[in-house]
Every structure is written in structure tokens, then in C-alpha cells.
Amino acid sequence: MSHSFTLSDKTIAFLKEPKKLLIHGQWVAPLNKQYFAAINPSNNQEISQIPLAESSDVDHAVDSANKSFENHWKTVSAVEKASLMFRLADLIERDQQTLMELETLDNGKPLSKAQYDMDACIHHFRYYAGWATKIEGATYPVSKDALVYTQKEPLGVVGLIVPWNFPLMIASWKLAPALACGNCCVLKPSEKTSLSALYLGKLIQEAGFPKGVVNIITGNGNPTGIALVRHQQIDKISFTGSTKTGKFISQQNAHSTLKRVSLELGGKSPNVIFSDADIEKVTQSLHWSSFYNTGQECTLGSRVFIQKTIFDQVIDQLIKQSKKLSIGHGLENPDLGPLIDQGQFKHVMDYIKSGQNEGAELICGGHRLNDKHLKDGYFMGPTIFSHQNDRLKIVNEEIFGPVVVVSSFDSYDQVIQRANDSPYGLAAGVWTQSHSKALQFANDVKAGTVWINGWDQFSPAVPFGGFKDSGIGKEMGKSAIDLYTQEKTVWLNY
Ligand code: NAD
């Protein structure tokens, strides 16, 4: 069926173009002339060649951002910055189909899910365009002899490093507030999904952003990401990715100039279902909160706890709904696409073996899908493990694939202790018709976001970020303004 999908003319034309780095308003080849392949995870075929930026390219990009900040961008009015951002949002909307197709080809996600991502990008740019003119300081009436006030200033140059699971959406979570706050940016997409960021670069140029305000460099964690993280002329790193890389960035920071660092990291979120939950609503949600994006989402409820009296009923429904999920090439617009690549597939399979070896019960899934038309991609169906041992590796560690672990519990006190028994603290969910129990859970659980009788709700206006090993700092809403500004205090003595 994917063979019958026709890509838009703009997508085809973009795929034919040689890919370059966006530095100081120009598309330039990497200095070392090295490239790597962008691979479609649905069929393992090469889509494009992507430039590999090394430290000398990173130096140029950072230098460009610094020059642009000092010589121009910091003098541009907030109204003008806002209108550039509104224009960019309009252009993303205009080329939404192309961006969706590129994201689907590069990441494997279903087209309709890529459409959701692009809607979120547009909303983010519009929301933060509105903020550009509303970044305020305060006055402090502490002395009759002095005027004391604060103002929020841009940081300068920010390095934005993003993962592959929601490539352009997470890039926009960072770019939009960084620009609204008056910073210049060096954006590095994941080496596994560079195309949508490069296309965005074209739209940034078309929108009329001055040269060097947004630079886009592509390449691996090593050398490209590391060069950005270690760079002495960068004022902040905003990173989304694994906790392992987040910890590496924090260590590097201690040996470099002390940059501001915000980190959105991994998760292993508890999803707790009490016996007084609306089972109908749980049934509609549980397969999505377990397997959305083929499980490659940081906030998924990958540890499910079900109260004993309804355990069998809920599990039966979960198995039934999961088996209904269609799996296929992203362009066919199924419910779930493939895993991102061979490495991720092996990583997930290793966890499945570990779960079996450690004694968890594999209820369904757990193997590669080998149907003729899927055999070249990295497809795996929803995989459910049942267990009663919270010390298992599959229960403690982030798997980042379509694997959920389910367990029964007796009481509130027992389940809240088990829900919090994790190094992560990104999100949590609770299902109950008792508001007092739900609010008690929201107070007690150690997680940055709590969904009561729902899952995976986001808005550009609502802060999002993790506790514990899930990160430092909150993106979105007013919180992101604090991430991309620094506050200056002024005492004017009369
Ligand atoms: P990753 O850490 O491997 O890579 C993320 C980005 O960092 C990529 O651009 C990569 O090239 C770069 N990178 C890798 N090593 C680097 C290094 N040493 N120095 C500098 N940059 C480096 O993560 P991933 O596999 O791309 O993404 C999956 C992870 O991201 C999961 O753990 C997931 O939970 C997490 N994630 C978190 C959020 C959130 O908002 N909390 C959102 C999405 C994904």
C-alpha cells in the first residue's frame, strides 16, 4: 500500500537537493566533505545523504550566532521578532504536508501522527511569538532612595540538541522560546532524523530571519554534539535525549565555561489503575499510553499497576485493543510504525530476553514482525509482560520500544511506594473516580506531570519537564521564558 502513496512535489524536490549545513544564512558543505545516510526505518532504504559537521563547522556556526547576536539580533525589536516567528509558523502550516512526509520517511511514524507533531510545531511558534512582546521585569519598592528593578535579558547563543522520536516538534519546543527571548541558536537534530530540521532551515530563511540567528548543523553525538557541548562561546545547552547523554553533558559542563543547561531526559512512568476507575475510559486509553509512537516516547506509561480486583478484566482489554493496532510503513498511515533502526531494535530485543530470563511472563508480542512487506524494516508488535518483581531490569530501566510491564497491587500505600520506586520522574497517571484519591496521588507521586483519568496531554502554554533523573528545568509555558533568559537586577540610587 505504501507503494501507492505519492509524495508531494515539494518533498520530491527537497529529497533531490544536496543537503548542506545552514551557517550564517548560507547553505554550506561540511568542511571535511563527509556525509552519512538518512535511512527510512520502514524499508531500510537510503533517503538522502546528510552532512557530518565536525568541530570546525560547529565553530563557524557558533561564531555566526555570536556575531549575529552582538551585531544585530539584540537590537531587533520584540515586535519584529514576533512577526518573524508568526511568519515562520505560517510557512510551516503552508508546507505541513511536506514536513509530515519528511518526518514519516525519516522516522517511520504514521503520517497522521506526523501531522499531530506539525500542528504542535505551529502552535509552539505562535504561542511564543506572543511571548516575545511580553517578557517583563519587576520593580521592588525596598528603598525611598533608590529605584530597584529587574529585567530579563537573552542569554546570547544557545545550543539546541534534539532526539529522533519527535524530531521537529521537540526542535520547536526549544527554538520558539529561545528566539522569543532574543537568543541566537545553533540547532542540532538527531543524526537519525535530520531532514525536517533542514527543511525548517529553508523556511527560516524564507521568513526573513537575519543571517546567523538560526544555524543548523547535522551530525552524530560524537563529534557534532560533543563539539557543541564543549564550546566555550555558547551560553546555554538545551538538551532532550537519554539520561546517559544528559549526565555526560552535565559532566562536560564542569570542564568548560559554566553554561546554563536544561535537560529533558528519559522516563519510566507509572500508570496506576484503581478498581473504581471508569474501565471504559481506561480501555480507550491504555494501549495508546503504552505503545504510542511504537513505545518510543519518553512519557509513556510503561509501568502499569492495576488493582488486583480488576487485573484480569483490564489485562484482557489491553491485549484485545493492542492486537487491533495496525502496524506498517508510516506512509500507509497505520497506528504504529517501525522502531527507528537496527540498534534500537536490538536494544529492545535484549530487554525482552532479559525479561524472559528474569522470570517475567511474556503475555504477547516480543518478536520481530516478518510479514513480506514488513521484513526489511524494524517492526515489532505491542509486547506485554506481567510480573510481581519490581527489581527486574525491564521494570526499572527505560526500554524505549513497544514494551509495557504490568503488575497487580492491593492498596494505595503499596502502589504509591512502588510508583515512586524509580530513578525516573517524568510523568505519572492515575485512574479513579475518587477525586480525593486522585489528588492525594498527584501530591504523593514524584513526577513532573500527572495525568488524572487521561494521558499524554500537552499544550505550549503548560510547563513540562521531569523530576529526578528525568531532567532539569521545565519547557513550555512561562517556564521556558526563564530557561532562555537571565535576570539582571539594577539599583539606581537617586
Ligand atoms: P540520545 O541521548 O542518544 O541523543 C539525543 C541527541 O543528543 C541526539 O541529537 C544525539 O546526536 C545527541 N548526542 C548523543 N550523544 C551526545 C554527546 N555525547 N554529546 C552531545 N550530544 C550527544 O537520545 P535519543 O536516543 O536520540 O532519544 C531517546 C531518548 O530521549 C530517550 O531516553 C527518551 O526518553 C528521551 N526523550 C526525552 C524527552 C523529554 O521531553 N523528557 C523527549 C523525547 C525523548
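Preceding this section is the structure that the text describes.
Draft legend 1. Region of interest: the pattern of salt bridges. Under the definition given, this model contains 25 salt bridges. Ionic pairing is found between R126 and E93, a salt bridge with its closest N-O pair at 2.8 Å. A residue pair is termed long-range when its members are at least 10 positions apart, and R126 in helix α5 (residues 111–132) and E93 in helix α3 (residues 78–94) qualify at 33 residues. Classification of E93 as partly exposed rests on a relative accessible area of 41%. In this structure, a network of salt bridges that share partners links the residues K10, R94, D95 and E206.

Draft legend 2. Spotlight on the sheet that holds strand β19 (residues 449–452). With mixed pairing, the seven strands of this open sheet are ordered in space as β14-β15-β16-β13-β12-β18-β19. One side of each edge strand has no neighbouring strand; the edge strands of this open sheet are β14 (361–364) and β19. Averaged over all adjacent pairs, the angle separating strand axes in this sheet is 20°, with direction ignored. Strand direction decides the pairing type here: strand β18 (residues 427–431) and β19, joined by four bridges, are parallel.

Draft legend 3. Looking closely at the nonpolar core. In this structure, L175, L179 and F209 are the most contacted members of the largest nonpolar core, which totals 96 residues. Broken down by element, this core gets its largest block of residues, eleven residues, from α5. Other than its neighbours up to four places away in sequence, L175 contacts F125, L160, C185, L187, L200, I204 and V214. Listed in part, the 21 residues of the second largest apolar core include F291, F311, I315 and C364.

Draft legend 4. Region of the structure containing the site of the ligand. Neighbouring the ligand are 29 residues; V162, E191, T245, L265 and E398 lie closest to it. K188 is positioned with one of its side-chain polar atoms (N or O) 2.8 Å from an oxygen atom of the ligand. Here an oxygen atom of the ligand sits 3.2 Å away from a polar atom, N or O, in the main chain of G241. Out of a free accessible area of 840 Å², the ligand has 90% covered by protein chains. Among the elements of the structure, α8 (221–230), β10 (236–240) and α9 (243–255) are those that each provide at least two residues to the shell around the ligand. When residues in the shell around the ligand are grouped by element, the largest group, four residues, is from α8. Taken together, the residues that form the shell around the ligand break down as 15 nonpolar, ten polar and four charged.

What counts as what
- Residues numbered from 1 in each chain as written.
- Predicted model: local features only at pLDDT ≥ 70, side-chain atom pairs only at ≥ 80, totals over all residues.
- Heavy atoms only, no water.
- Salt bridge = Lys/Arg side-chain N within 4 Å of Asp/Glu carboxyl O.
- Helix = DSSP H or I, 4+ residues; strand = E, 2+ residues; numbered from the N terminus.
- Buried < 20%, exposed > 50% of the residue type's maximum accessible area, 1.4 Å probe, protein only.
- Pairing = 2+ DSSP bridges.
- Axes fitted to C-alpha atoms, helices over the stretch in contact; angles between N-to-C directions.
- Core = buried A, V, L, I, M, F, W, Y, C linked by side-chain atoms within 4.5 Å.
- Contact = heavy atoms within 4.5 Å.
- Near = heavy atom within 4 Å.
- Polar contact = N/O pair within 3.5 Å; in protein donor to acceptor, adjacent residues only side chain to side chain.
- Areas by Shrake-Rupley, 256 points an atom, 1.4 Å probe, with all protein chains shown as cover.
- Nonpolar A, V, L, I, M, F, W, Y, C, P; charged D, E, K, R; others polar.

The values are spatial; any link to function lies outside them.
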